[in-house]
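Here are the chains, one letter per residue:
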Amino acid sequence: MAVNEHRRFDGKVLLTGAAGHLGANLVRRLLDEGRDVRVLLRPGDNNTGVDGLELERIYGDLREPASLEKAVEGCETIFHVAATISTVNAGARAARGIFENNVLGTRNLLSAAKDADVARVVVTGSFSAVGYDLDDPSKPGHERRPFYPFDKSLPYAHTKVLVEHECLKAFADGLDVIIATSCALIGPHDYNPSRMGQTIIDHTHGRLRAYVPGGFDWVRAQDIVDGHMLAMHRGRGGQKYIFSTEYKEIDEIMALLHEVTGRPPTRMRIPGSVMAVTSEVASFVLTNFFPNVHQLLTPGAIRILRMRRRADTQKAQTELGYRPTNVREAFYEAYEHFARRGLVPSRVQSREASASRREPSSARTGAA
Ligand SMILES: NC(=O)c1ccc[n+]([C@@H]2O[C@H](COP(=O)([O-])OP(=O)(O)OC[C@H]3O[C@@H](n4cnc5c(N)ncnc54)[C@H](OP(=O)(O)O)[C@@H]3O)[C@@H](O)[C@H]2O)c1
């Protein structure tokens, strides 16, 4: 089967979430391609991700429809990337905040897009909203598998399922919408920083003392940006496409962290069953008594890692020509970006030197 035909869009493009991790990578690709870009930013938040970029800034909020009317006006296309990500189950108030940003925010934006005759919208989805085999969650998840709502999924995952429903409702109503589903993101321009970004920084500074085994499907920033561009230009309206780069065990991620940061490996490996119980207690205490303390290894995150979920990207490869690369590069890119910002030391040794150091000597010398 040949990849879908390329549809050209040259007009103004609106990007939401441009200062976030994915958005900051996507906005740079759009600018590199010479596109006329407008971004929707929330005033007063950390918008470092778009500092110094030549683009049009509109200040507003997905929860405020009036600000969206202005944001979409005159746009041919939209990448709707913004969302609240959370691996915490922090009670009804927090869940409502996530719902309002993600579900109502998407609905507001799609409604404004329809009114403004926007030609196509690509909405970022999450692999957490993709269903899994209930008997073996590690079997590759694909677009056709339904989300199972009766287990301990996080409020965030539920909202991302409802975001997809909003997309399909808008599609049924005549708006051309496509869902570009992301796995766990790794890469540069991580200004907040993300959970994995913070892990890279912590490992570099010797603060990562232990880890929990498990695994997940990860996506390199460059690949998910490709995925969004392909969805925009080759996707079929009303469809969802999953983009991942590679599945990796946390043991492999730890080895990569050691390689990339040059710091000693983290050796303490706490069994998932032990950490699952400990984190339930810690999360209960933090949520109820110290709500402002950032929770790193939450019960939700541990549960996801223990499921060892893998992504099936066949549909994106066949229909869109998507070609995943490798996660190792993503770690180098993330590290180098943190180094440029002074958050970790610059690596004296180049990536190539580091790669050749790890190759067996026979491969380097060509000896049999
Ligand atoms: N990162 C991952 O591993 C991952 C995995 C799967 C799917 N995804 C999806 O990928 C997308 C981007 O994720 P990310 O990692 O780039 O997240 P991020 O770094 O947290 O960025 C999210 C952005 O959305 C903006 N935003 C949130 N609520 C908003 C609102 N009500 N109005 C306007 N802007 C709002 C945030 O602005 P403020 O700074 O003002 O809050 C921020 O710029 C999301 O849709 C997420 O669900 C991410």
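Calculation rules
Residues numbered from 1 in each chain as written. Predicted model: local features only at pLDDT ≥ 70, side-chain atom pairs only at ≥ 80, totals over all residues. Heavy atoms only, no water. Helix = DSSP H or I, 4+ residues; strand = E, 2+ residues; numbered from the N terminus. Buried < 20%, exposed > 50% of the residue type's maximum accessible area, 1.4 Å probe, protein only. Contact = heavy atoms within 4.5 Å. Areas by Shrake-Rupley, 256 points an atom, 1.4 Å probe, with all protein chains shown as cover. Near = heavy atom within 4 Å. Polar contact = N/O pair within 3.5 Å; in protein donor to acceptor, adjacent residues only side chain to side chain. Salt bridge = Lys/Arg side-chain N within 4 Å of Asp/Glu carboxyl O.

1. What about the overall build of the protein chain?
- Helices and strands together make up the secondary structure of the protein chain, namely 13 helices and 12 strands.
- Out of the 368 residues belonging to the protein chain, those deemed buried represent 52%.
- For the protein chain, the proportion of contacts with a sequence separation of at least 24, taken over those separated by at least 6, is 79%.
- Accessible area of the protein chain: about 17,100 Å², with a carbon and sulfur share of 52%.

2. Re the site of the ligand
- Taken together, the neighbourhood of the ligand is formed by 23 residues, with Leu22, Asp45, Val81, Asn101 and Tyr156 sitting nearest.
- In the environment of the ligand, an oxygen atom lies 2.8 Å from a nitrogen or oxygen atom belonging to the side chain of arginine 42.
- Within the backbone of leucine 185, one N or O atom sits 2.9 Å away from an oxygen atom of the ligand.
- For the ligand, whose free accessible area comes to 890 Å², the fraction covered by protein is 86%.
- Only α1 (21–32), β5 (120–126), α4 (155–172) and β7 (184–186) provide two or more residues apiece to the shell around the ligand.
- At 3 residues, the largest contribution of residues to the shell around the ligand is made by β5.

3. Considering the pattern of salt bridges
- Applying the stated criterion across every chain, the model contains 22 salt bridges.
- Of the charged contacts in the structure, one is a salt bridge between aspartate 133 and lysine 139, with a shortest N-O distance of 3.3 Å.
- Using a relative accessible area of 13% as the deciding quantity, one classes aspartate 133 as buried.
- Notably, a salt bridge pairs arginine 328 with glutamate 259, separated by 2.8 Å at the nearest N-O pair. Taken as a pair, arginine 328 in helix α11 (residues 327–340) and glutamate 259 in helix α7 (residues 250–261) lie far apart in primary sequence, 69 residues in all.
- Judged by its relative accessible area of 10%, glutamate 259 is buried.
- Put simply, Lys12, Asp36, Arg38 and Glu56 are held in one network by salt bridges that share partners.

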